[in-house]
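Close look at the chain arrangement
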Amino acid sequence: MADGYEGPIRIMGGDGILLTTGQAVLEHDEDQGNWTGIVQTLRGTAVAGKALIVELEIPQGGRGRAQLTPLRIVEDRAQSTVTGFGAAPF
């Protein structure tokens, strides 16, 4: 199992519909027994500035369910914290 993941992601809604794409830095959180990180998307996308439960998909095909919580908007980018549920997609 990898220690973490940094790179492109797809963010899917609960119905499997693609909401947007972005960049993520994800890692295992041994203290909490889950996985966490930061997702960055373009400002104004379907997930920017919203608290959502989504599925994150990485290019190698792994998917994981996670909660996105808005963190900040800087220029044309929106950042959210990630708290993963269950098995990590990386």
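Keep in mind the model is a prediction, meaning the values are calculated, not measured.

1. Side note on the pattern of salt bridges
Evaluation of the coordinates by the stated rule reveals 3 salt bridges. Residues Arg63 and Glu57 are paired through a salt bridge, measuring 2.9 Å at the closest nitrogen-oxygen approach. Classification of Glu57 as buried rests on a relative accessible area of 14%. The partner of Arg77 in a salt bridge is Asp76, with the nearest N and O atoms 3.6 Å apart. Residue class for Arg77 comes out partly exposed when judged on its relative accessible area of 35%. Looking at Asp76, the relative accessible area reads 43%, which means it is partly exposed.

2. Quick look at the side chain of Gln79
Relative to the elements of secondary structure, Gln79 occurs in strand S6 (residues 77–85). Setting aside its immediate chain neighbours within four residues, Gln79 contacts Ile38, Val39, Gln40, Pro70, Leu71 and Arg72.

Calculation notes
Residues numbered from 1 in each chain as written. Predicted model: local features only at pLDDT ≥ 70, side-chain atom pairs only at ≥ 80, totals over all residues. Heavy atoms only, no water. Salt bridge = Lys/Arg side-chain N within 4 Å of Asp/Glu carboxyl O. Buried < 20%, exposed > 50% of the residue type's maximum accessible area, 1.4 Å probe, protein only. Helix = DSSP H or I, 4+ residues; strand = E, 2+ residues; numbered from the N terminus. Contact = heavy atoms within 4.5 Å.

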